[in-house]
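Given next are the chains, with one letter for each unit.
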Amino acid sequence: MVPPTGLKGRQRNLAVIVRKQERPPFWRNATILKWAAQLSFLFGFIAIAAVVIPQVQDNLEGQNLTFGWDWLRGRLGFLIREGIDTDPDTGARTILTGAVNTLRVTISGVIAATLLGTIIGIGRLSSNWLVNRLASLYIETIRNIPLLLWMFFWIAVVAFFNIIDPTLEGSVEAGSYFLTFTRKGIGSAWIQPWGGFYQWAIWLLIGAVAGYFVHKRQFRIKETTGQETYPNLSALGVLLVFAVIGWFAHPVFSFVGHGAEFIATIIGAIPTIGLQIALAAAAIFLGYWWINRFLDERRTPAGLAKLTDDDWFRMITAALLALVFAAFFLMFSGLARGALDVSEDFFGRWLAPKFDSTTNVVDLPISEIEAQLASGLLLEDIAAEQELLLNAELLNLSRADIDAALASGLTARRIYEAEINNPDGTRKDTNPWGERLVFVPPKKLVDGLTAGVAVEIDEALGDGLITPAEAGAELQKIKDRANAPLRWSKAEVFAPRDGFLDLSPTSGIVITRGFFAVWIAVTLYTASFIAEIVRAGILAVSKGQTEAASSLGLSRSQSLRFIVLPQAFRIIFPPLGNQYLNLFKNTSLGLAVAFPDIVAVGQTITNQTGQTVPVILIWMGFFLGGSLILSSIVNFYNRRLQLVER
Amino acid sequence: MTTEKTLGENDIIICEGVKKWFGDFQALKGVTTNIKEREVVVVIGPSGSGKSTFIRCINRLEVHQEGRIIVDGVELSSDVRNIDKIRSEVGMVFQQFNLFPHLTVLQNVTLAPMWVRKKPREEAEATAMALLERVGIPEQAAKFPGQLSGGQQQRVAIARSLAMEPRIMLFDEPTSALDPEMIKEVLDVMKELALSGMTMIVVTHEMGFAREVADRVFFFDYGTIVEEGTPEHFFTNPSHDRTKLFLSQIL
Amino acid sequence: MTGKIILPDIPELEFAPELPPKGPVVWMKDNLFSTPRSSFLTVVGLYVAYVFTKGFTGFVFNYAERRWDAVTDNMKLLMVYLYPNGTSERILDAAGEPINQMHRVWISLGVVIALTALSLVFWRVGGKMAPKRITRTLQISGGFLLFVFLGVTILDYVFGVLFGFDFGGWEWQFSTKVHFWTILVGVVLLGGGLLVDRAMGDRGKEETISVIGLLGALAVVVVGLLWVIELPRLSGTEPGAPKVFQPIEETTTLPWTIMLGVAFLSYWVGVGLRRVIPDRAGTRVLTLAWLVSFPVLVMAVLRDPGWDEVVAPGFSLGNYLTIGAAFLVVGGLVIWAASHPAIGEWSAAIVAAIGVAIVFSWSVSMLMFIRFSLFAVLLFVLGAKTFGGATQVRRRYLLLWAGLMVFLTYFFILVKGGNTVETQTPSPFGGFVLTMIIFVSVMLLSFPFGVLLALGRTSTMPIFRLMSVAYIEVVRGVPLITWLIMSIIFMPFALPIGANVPDFVLVILFYAGFSAAYMAENVRGGLQAIRAGQKEASVALGMTTVQTMIFITMPQALRTVIPALVGQAIATFKDTSLVAIIGLLDFLALAQGTVPGQPLYRGSLRTMLIFAAFFYWIFTFSMSKASQRLEKKLGVGER
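Residues numbered from 1 in each chain as written. Chains lettered and ligands numbered in written order. Predicted model: local features only at pLDDT ≥ 70, side-chain atom pairs only at ≥ 80, totals over all residues. Heavy atoms only, no water.

A.B. asks: Would you take a moment to explain the interface of chain C and chain A for this structure?
C.D. replies: Often, the extent of an interface is quoted as the loss of accessible area upon association of its parts. Listed per partner, the contact involves 57 residues of chain C and 57 residues of chain A. Regarding the contact of chain C and chain A, the summed buried area is about 5100 Å², with carbon and sulfur atoms giving 75% of it. Inspection of the chain C/chain A interface yields zero salt bridges. Summed over the shared surface of chain C and chain A, the result is ten residue pairs in polar contact (both at pLDDT 80 or more). The element that contributes the greatest number of residues to the side of chain C that touches chain A is helix α23 (residues 605-635) of chain C, accounting for eleven residues. Across the side of chain C that touches chain A, the residue classes break down as 41 nonpolar, ten polar and six charged. (Contact = heavy atoms within 4.5 Å. Buried area = accessible area lost by both parts, 1.4 Å probe. Salt bridge = Lys/Arg side-chain N within 4 Å of Asp/Glu carboxyl O. Polar contact = N/O pair within 3.5 Å; in protein donor to acceptor, adjacent residues only side chain to side chain. Helix = DSSP H or I, 4+ residues; strand = E, 2+ residues; numbered from the N terminus. Nonpolar A, V, L, I, M, F, W, Y, C, P; charged D, E, K, R; others polar.)

A.B. asks: What should I look at first to understand a negative patch on the surface in this one?
C.D. replies: Together, A:Glu456, A:Glu459, A:Asp463 and A:Glu474 line one region of the surface with negative charge. The residue A:Glu456 is located in helix α16 (residues 451-463) in this model. (Patch = residues over 30% accessible without salt bridge, like charges linked within 9 Å, V, L, I, M, F, W, Y side chains within 5 Å. Areas by Shrake-Rupley, 256 points an atom, 1.4 Å probe, with all protein chains shown as cover. Lys, Arg positive; Asp, Glu negative; His and termini not counted. Charge placed at Lys NZ, Arg CZ, Asp CG, Glu CD.)

A.B. asks: I would appreciate a short explanation of the confidence of the model for chain C in the present structure.
C.D. replies: Residues shown with low pLDDT carry predicted positions that ought not to be read at fine detail. On average, chain C scores 81 in pLDDT, and the residues at 70 or more come to 88%. No element of chain C has a lower mean pLDDT than helix α1 (residues 24-31) of chain C, at 73, and none a higher one than helix α15 (residues 431-457) of chain C, at 93. (pLDDT = per-residue confidence, 0-100.)

A.B. asks: Looking at this model, I keep getting lost on the packing of helix α4 (residues 129-143) of chain A against helix α18 (residues 513-540) of chain A. Mind explaining?
C.D. replies: Packed helices, taken two at a time, are described by the angle between their axes plus the distance between the axes. Residue and element names in this part refer to chain A. Look at α4 against α18: their axes get within 9 Å of each other, and the N-to-C directions meet at 125°. Accordingly, the angle class assigned to the pair α4 and α18 is oblique. Like other packed secondary-structure pairs, α4 and α18 cross with a definite hand, here left-handed. Across from Tyr-138, Ile-139, Ile-142 and Arg-143 in α4, the residues of α18 making contact are Leu-524, Tyr-525, Ala-527, Ser-528, Phe-529, Ala-531 and Glu-532. Residues of the contact of α4 with α18, tallied by class, amount to eight nonpolar, one polar and two charged. (Axes fitted to C-alpha atoms, helices over the stretch in contact; angles between N-to-C directions. Parallel < 35°, antiparallel > 145°, perpendicular 65-115°, else oblique. Left-handed = near helix turned anticlockwise from the far one by under 90°.)

A.B. asks: Sorry, what's going on with the state of the cysteines here?
C.D. replies: Simply put, the disulfide is a covalent bond whose two ends are the sulfur atoms of two cysteines. All names here are of chain B. Within the structure shown, the criterion is met by zero disulfides over all chains. Unpaired in this structure, Cys-15 has its nearest cysteine sulfur neighbour in Cys-57, at a distance of 8.5 Å. Of the residues examined, Cys-57 reaches a relative accessible area of 0% and is grouped as buried. (Disulfide = S-S within 2.5 Å. Buried < 20%, exposed > 50% of the residue type's maximum accessible area, 1.4 Å probe, protein only.)

A.B. asks: What should I look at first to understand the packing of helix α2 (residues 30-62) of chain A against helix α16 (residues 462-477) of chain C in this one?
C.D. replies: Closest axis-to-axis distance for the α2(A)/α16(C) pair is 8 Å, and the angle between their directions is 40°. The pairing of α2(A) with α16(C) is recorded here as oblique in orientation. Packed against α2(A), whose contacting residues are A:Trp35, A:Ala37, A:Gln38, A:Leu39, A:Phe41, A:Leu42 and A:Phe45, the element α16(C) presents C:Pro462, C:Ile463, C:Phe464 and C:Met467 at the interface. Across the contact of α2(A) with α16(C), the residue classes break down as ten nonpolar, one polar and no charged.

A.B. asks: Got a minute to help me understand the sheet that holds strand β5 (residues 74-75) of chain B in this structure?
C.D. replies: The strands making up a sheet associate through backbone hydrogen bonding, with each pair oriented either parallel or antiparallel. Residue and element names in this part refer to chain B. Taken in spatial order, the four strands of this open sheet run β2-β1-β4-β5, and their pairing is antiparallel. Bordering the open sheet on either side are β2 (25-36) and β5, each of which pairs with just one other strand. Packing against the sheet, helix α1 (residues 51-58) makes contact with β1 (11-22), β2 and β4 (66-71), and its axis sits at approximately 60° to β2. (Pairing = 2+ DSSP bridges.)

This is the structure:
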């Protein structure tokens, strides 16, 4: 570098008095002022929180309510209308049921809304006047009416279709249907996961992975040599082969269940404090690693570059966060305890039983059941007797007591009910057996037996339409079919004792009125927005593209598939993700139509236990977590789409 | 280059060892120079050499991390009072004109004098009209920037800066975004300004302008001043190899 | 080189352009049956339209308990809930007569209408529309009526024959007379529209009809109909019919006619005023009037504050007036000092002192009035440097302070001064009035807060940015209904005991906070659309960051963002219905729950839902159409 000429001389000739480099006073220093403003703002915020939080605690105590998480373990005592667990044992399971309900509506809504929205969006661009106007009409009508009003509307419509009275001419009778409406909801035939489904799923997984590699290989060959190797078909073929093998060979993977149990016992053996220490160490390590990486980015060959105050702020925040989290993990064992409990439950109580090939609680051979049927008992009675026997110890009844009672003419059912119910028929309040009572409905007698079919068999036996031997044969058939991973089941309508018609919970798929109202309202509403997005996306692909494509000789559908839709998709994708998020949040309106989503369930919990703040925190955690996951997925795909461009 | 002016005695801008990083990229690698009052300095150099960064440091649009910059006796530091004072004495004209599209031409020129120098409206408007006449477009006063051509917009931008009565004017490639037929009108305004005795630092590729008006030319490369000298020295007999290479590419 | 081009001798007729083929048959061929696929789609579309029309009309009309009188009888309930209208037997005045305060509602409505009319004038709303659009609307409505009343019957027969099953006829509970008249009206509309269109030809495309004139004519027609048509109602001799149900014609025809008169009068006064007052001054005054009218109408007109302790225990008018005057004087002095150009570093000291005072005021029990006034002083002192300078400017600034202080005093007196309008409910607001109050309050409150959040979001200062991002992401990630539930069940614990804040105020605050997060994202888009060079140029001229924000960044950002803001307003309006879930009795709650729950109107749920849907639809559709017109207007490079 050539030094500039003659500088030294000029410097000495300065006629201007130059102030020495000094720090400006703090009340004029721009940097300090900026940080003072920010910190005082933060301080003011914390101060307000410090005033409000004790006040909240005081007020809560004044009303004899507490803030705590114990209710997560205890029984809350109310039933949920629908979900994976309608009679949850713990508060945590209640919340879980609500959350799963929300997710069920969300996922089915997202799929349906995307399909419908795309169709309507394309219809909006159609040159056929009628289709175009109908699509417009749809969008304008649906979009301008509040979603809540739609939900009320659809619930009223569903009531319109409700067929209640089984004594009415032409109304629904007990039996199997493809599609039926009862007071419980809409029943439809469906394919159900059945015996050994999860083991079969593992086979499918292996097949998918193999298919992926096959696809890659075939695709590579096709690209390099140009010959047609049908990569998609081959991959599909591989998958099918594994599916067929797995259909018959699924018991092979039952050991996974034992593996899960083993993992559960290991987790159970981990001390809470161990996990706490591990988490704290992880937090500190993560902070250290982040700071290191941050500094590395700023390292130049000439040494560490000058750090701006923004950089310092980030590093200090990272360090603080790491320390705070570490302290939090060490001080509060609840989180670690909860995590250990949940994982143990997951592996031991949820995953392991899924790989258990048998679903029946009772281990009676068919011949024994047949014999009992022949002696005049019904399936119901047999089940009751088994129930009694299983719970004998809990109920403090000995075998001799039971035999004596049976001999005196009481049915097993009456004996059982006498033990657990009050004289007026209500369940005894002080039920010390809690979850340990085993309930044996008739459908648990034989693998694959459903409630509806059990009732049918009982009725047929009672009316003398079939013999016990025939019933036994039927039961055997059912049991044989029980080992198939999938089962095609129609909606079974049966009439429990009170005479109303109900859908069998183990057959077909039941869409309750609440679910239907929420799902269809949310689907139609979101579809109208998606239609507009799709339309805008397709329009944004300039006309020149289609013209260029057709001038190259591509047909209309080819140009659509290769030119227009890929480009339109890139534009459509981010707002589409946004609409999915909106759908996810809109399901919370199920509260208004008695659909037990997480908000409705939380509301009930608040009313029952008075725990407002924990429930609010759970809501926030759930929705924020869901939003975060969904946004990450959208961003990930979005970035992949963009990378391809440049 | 003919001059009807004499350079001032004082150094109005002093830079000592100015260094600036963007992240880990060093844009200025120690710039040391002095500029006298009423001097016209033209800065040339390849893109990415740091010349724009240099002049943006002078009015604190960029903050230098090492070294000292002293403008009109006031050192640029994080002192709030100094920054505002400096900015009202140093005017800047941008490559993209950066006129305010939602205000008329007249409002563009009067906004800062009214709200920074707190001048009453009539006085500000009178000054504005005089300046618009000086740059040659008084009839456009009521129009919006979007209705003017590029050359006219840049002249409005110059008038806007002059309305603050600055002692130094910085030009960041003022004609690079203009169509060829409009470059001349802007350069004419700048020449008139130079002849009237304004201290100017101009970053440009217009070598004709440099030859005619500049007192000194700096050649910037890789974040530092490689060579400086009078225009005659520069264009007829540059000393440094890099200078020669650059000039051969553009002349 | 000169020369002439000589045309060959061709008779002129060959150059005359041909008219394109026209007519309904040609149109159908082009639009409905152009390709086999299109024809197939037409048939499918017809089937879908048929099924839905039949299903929908069956659902709405075809059941035994159609209760349109539920709508008309309860109209007052739906609009203002239990506002005293002289029929309650429990709310009596000194003489034992039922109190009637409905004039307050009509006055408020009148003020809103007058302001709207004036705004239409000063903001030059309207413009012209082509007659072709009107004839098209007539044709479409005529066609629609014909399709529903005639076409569906025909399709019923056609599809029955085609698909071989018997649809069992098309049973309505409308008489043949109604059928006949609606078909006739449909034919008139469709035919008339077509004829007028043909007659006008291309002239129909020119924009000659004033939109305002059209709206005015429509308004006259609607009000005229009120005088003429007898709406469905309870016969009045029903045993046990409560007197709160008053027939619409008796109670509202005259007031609505007066409202119409007010609208026309205000419009003409506005036109006259516009010749005298410059547009800019007029719009400024009107904006101020709108902003002030909302709290005044809600607090002072609909609510009738009392000024003494009988109505509002613990409230002393004298106290408030004194405090207001004190702030006016002392604050004025401080601001006058702070706006002096030579104040220099002392302004930081003043700001710090006020800051300490604010923190102190929030940590001890103090009147909200004092706390807010302190904030106002702080705001004005911070802005003093920007808006100070010449003496004339400072005087204007001080005048602004005085005005604000007067308004704040007035507002807090209104809020604290109790309410003498007695209703059987804790607050006099319900029904559509409550919906509108929530909507307007949320929009007014969320706008400044949203702008602040957007500024924080795009700030270079890390803490502000982090806090803004955290706020926006958390608030937006959680559904609105959970926030509303939180405001009802949680906030009462967070407030000091005895603070008697009505439910709907908490709801409004939380809703505004929610809406502000969305507003922030919209404004952020506008802020980021401004080229960085703008800020640099402004800063290079010596303007402070605040000045740049106010004069350069914000005007441009907000202009870009207005269409998105209107979209958000529409969404907010729709979502106000959510308060029905948490127990506030707004329009939807009344329509869906209260009215069908009345013993006389059991079974009117469907009717009420249809009416509510239609009601919301009118508003949101108008707002979105207005937004489209606004977008077009703004997009024409005006400013």
